Amino acid sequence: MKRNLHDYLVFCDMDNTLLTAKEGVPECNRAVIRLFLQLGGRFTVASGRPPESVRAALGDIVPTLPAICCNGSLLYDFSADRVLRHAALHREQASAAIADVMNKFPHAGVEVMAGAGEMYVVRANPYTHAHQVDEKLSGVACPLDNVPDGWVKAVFAADPETIRRIGQYVKGRYYGRENYFLATNSIYFEIMPAGVGKASGMRDLCTLLGEPIQNTLVIGDYYNDLEMMQQAGYSVAVANAPAEVKAAADEVTVCTCSDGAVGEYLYKLIGEVAD
């Protein structure tokens, strides 16, 4: 382990790792992150959320590294308030997949995020509404054909059983090679640009910063964090993570997300470096 906090590049998942949608970031996490930053640590987030939602959720916590947003489609520098990298879906192939799923699952909500993560609600349901409320997202109700170009991801939002069925359904369908499907939550199932994910965002950011990937430290909780955790120099799973995610991690916290798992680990790291 390194002996200087500044040597680490900490990438932290947000939902069910750093915070919960209803309760936000636990105060113990905020306090320890502030201390970590004051001592020279470098911290950012890797999330499915767009920049607007990340900023609202973090409040007074300002990432000292560019953030991985929209599951890797956007690299966003909050200090400069600008997009550093933008990866886009193949629109024609994504449109075909969305139309097919909408026809097969008439109660599934559909969102498309474009540009710098602006949300366009193609079909609303209680889950898309809760998504906007919980993540403090503004949204525009918009037919699919009218969504502006530069789609960074599409999201199907529904109850867990419907999401499971959508996942099974698309396995037997072919919409082209330029996009792929990603389960990001029990109530969300996404379409992402091929080759793009949190791990690719982490690699690209290391390249931009001239840092070896061995200096990265990832904290996560879900399957869409696995590739990033496997490629990081060190990985931590929070106690509420599924068994497969815990098994892939170098370390598992004692606390769950809502009890302050991120604060627990970062405080331990501070102590190890200070010894």
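The structure this text deals with has already been given above.
Residues numbered from 1 in each chain as written. Predicted model: local features only at pLDDT ≥ 70, side-chain atom pairs only at ≥ 80, totals over all residues. Heavy atoms only, no water.

> I'm lost on the layout of surface pockets in this one. Help?
Over the atoms rolls a probe the size of a water molecule, and its path tells where empty space is left. Estimated volume of the largest pocket: approximately 480 Å³. Lining the largest pocket are 30 residues, and of these Asp15, Glu135, Thr184, Asn185 and Tyr188 sit closest to its centre. If you list the elements that add at least two residues to the lining of the largest pocket, you get helix 4 (126-134), strand 9 (151-157), strand 10 (179-185) and strand 11 (188-193). The element best represented in the lining of the largest pocket is helix 4, accounting for four residues. Of the voids in this model, the second largest pocket is the one considered here, and its volume is about 160 Å³. Among the elements of the structure, helix 5 (160-171) and strand 10 are those that each provide at least two residues to the lining of the second largest pocket. (1 Å grid on protein atoms, 1.4 Å probe; cavity = no way out; pocket = protein on both sides within 12 Å on 5 of 7 lines; lining within 4 Å. Points joined across faces, edges and corners; volume = space filled by probe spheres on them. Helix = DSSP H or I, 4+ residues; strand = E, 2+ residues; numbered from the N terminus.)

> It is not clear to me how the pairing of strand 13 (residues 234-237) should be interpreted in this structure. Could you clarify?
Regular strands have side chains that alternate between both faces of the sheet. Bridging between strand 12 (residues 216-220) and strand 13 involves four bridges; their strand directions are parallel. Residue pairing for strand 13: Ile219 is matched across the bridge by Val236. Summarising the sheet, strand 13 and strand 14 (residues 251-252) pair through two bridges and their orientation is parallel. Considered in strand 14, the bridge of Val236 is made with Glu251. Read as a crossover between parallel neighbours, the route from strand 13 over helix 8 (residues 243-248) to strand 14 is right-handed. (Pairing = 2+ DSSP bridges. Right-handed = clockwise from strand over helix to strand, strands pointing away.)

> How should the sheet that holds strand 8 (residues 139-141) be read in this particular structure?
By definition, the strands of a sheet pair up through backbone hydrogen bonds, in either a parallel or an antiparallel sense. Here six strands make up an open sheet; going across it, the order is 8-7-6-9-11-10 and the pairing mixed. Two strands close off the open sheet at either side, each with one partner strand: strand 8 and strand 10. Going across the sheet, the axis of each strand differs from the next one's by a mean of 25°, ignoring polarity. Pairing geometry for strand 6 (residues 109-114) and strand 9, over six bridges, is antiparallel. Looking at the pairing, Val110 lines up with Phe156 of strand 9. On top of the sheet, helix 3 (residues 91-104) reaches strand 6, strand 7 (118-123), strand 9, strand 10 and strand 11; it is set at about 10° to strand 9, its chief contact. (Axes fitted to C-alpha atoms, helices over the stretch in contact; angles between N-to-C directions. Contact = heavy atoms within 4.5 Å.)

> Please explain helix 4 as it appears in this structure.
For helix 4, the complete set of buried residues consists of Thr128, His131, Gln132 and Asp134. Where helix 4 begins, one side-chain oxygen reaches toward the backbone nitrogen of Tyr127, 2.9 Å away; that side chain belongs to Asn125. One or two residues past the end of helix 4 sits Lys136, with phi positive at roughly 55°. (Buried < 20%, exposed > 50% of the residue type's maximum accessible area, 1.4 Å probe, protein only. Polar contact = N/O pair within 3.5 Å; in protein donor to acceptor, adjacent residues only side chain to side chain.)

> Just checking my understanding: could you explain the sheet that holds strand 1 (residues 9-12) for this structure?
Pairing is parallel across the open sheet formed by five strands, whose spatial order is 2-1-12-13-14. Since the sheet does not close on itself, it has two edges, and those belong to strand 2 (42-45) and strand 14, each with one partner. Its contacts with the sheet put helix 6 (residues 198-209) on strand 1 and strand 12, and the angle it makes with strand 1 is roughly 155°.

> Please explain the packing of aromatic side chains as it appears in this structure.
Each aromatic ring pair is specified by the distance between its two centres and by the angle formed by the two planes. Tallying each qualifying case throughout the model produces five aromatic pairs. Note on Phe105 and Tyr169: the rings are 5.7 Å apart at their centroids and 80° apart in plane angle, and the pair reads as edge-to-face. Of this pair, Phe105 sits in the loop between helix 3 and strand 6 while Tyr169 is found in helix 5, placing the two residues 64 residues apart along the sequence. Each member of the pair, Phe105 as well as Tyr169, carries the same accessibility label: buried. Measuring from ring centre to ring centre gives 5.7 Å for Phe181 and Phe189, while their planes differ by 10°; the resulting arrangement is stacked. Residue classification places Phe181 among the partly exposed residues on the basis of a relative accessible area of 26%. Its relative accessible area of 8% is what places Phe189 among the buried residues. Three or more aromatic residues joined by ring pairs make a cluster, and in this case those are Tyr175, Phe181 and Phe189. (Phe/Tyr/Trp six-rings, centres within 6.5 Å; stacked < 30°, edge-to-face > 60°.)

> Is there a simple way to think about unusual backbone geometry in this case?
The bulk of non-glycine residues show a negative phi, and the bulk of peptide bonds are trans. The backbone of Cys70 shows a phi angle near 50°, a positive value even though the residue is not glycine. Within the element layout of this structure, Cys70 appears in the loop between strand 3 (67-69) and strand 4 (74-77). Classification of Cys70 by relative accessible area gives buried; the value is 0%. Even without a glycine there, the phi angle at Lys136 is positive, about 55°. Mapped onto the elements of the fold, Lys136 is located in the loop between helix 4 and strand 8. Given the relative accessible area of 54%, Lys136 is considered exposed.

> Would you explain helix 5 in this entry?
One turn of the α-helix equals 3.6 residues, which is why residues spaced by three or four share an orientation. Taking 1.5 Å per residue as the helical rise, helix 5 with its 12 residues ought to reach 16 Å, and the 17 Å between its terminal C-alpha atoms agrees with that figure. Listing the buried residues of helix 5 in full gives Thr162, Ile163, Ile166, Gly167, Tyr169 and Val170. When helix 5 is viewed along its axis, its buried side chains cluster within an angular range of 165° and face the same direction. (Expected span 1.5 Å × (residues − 1). Arc of directions from axis to C-beta.)

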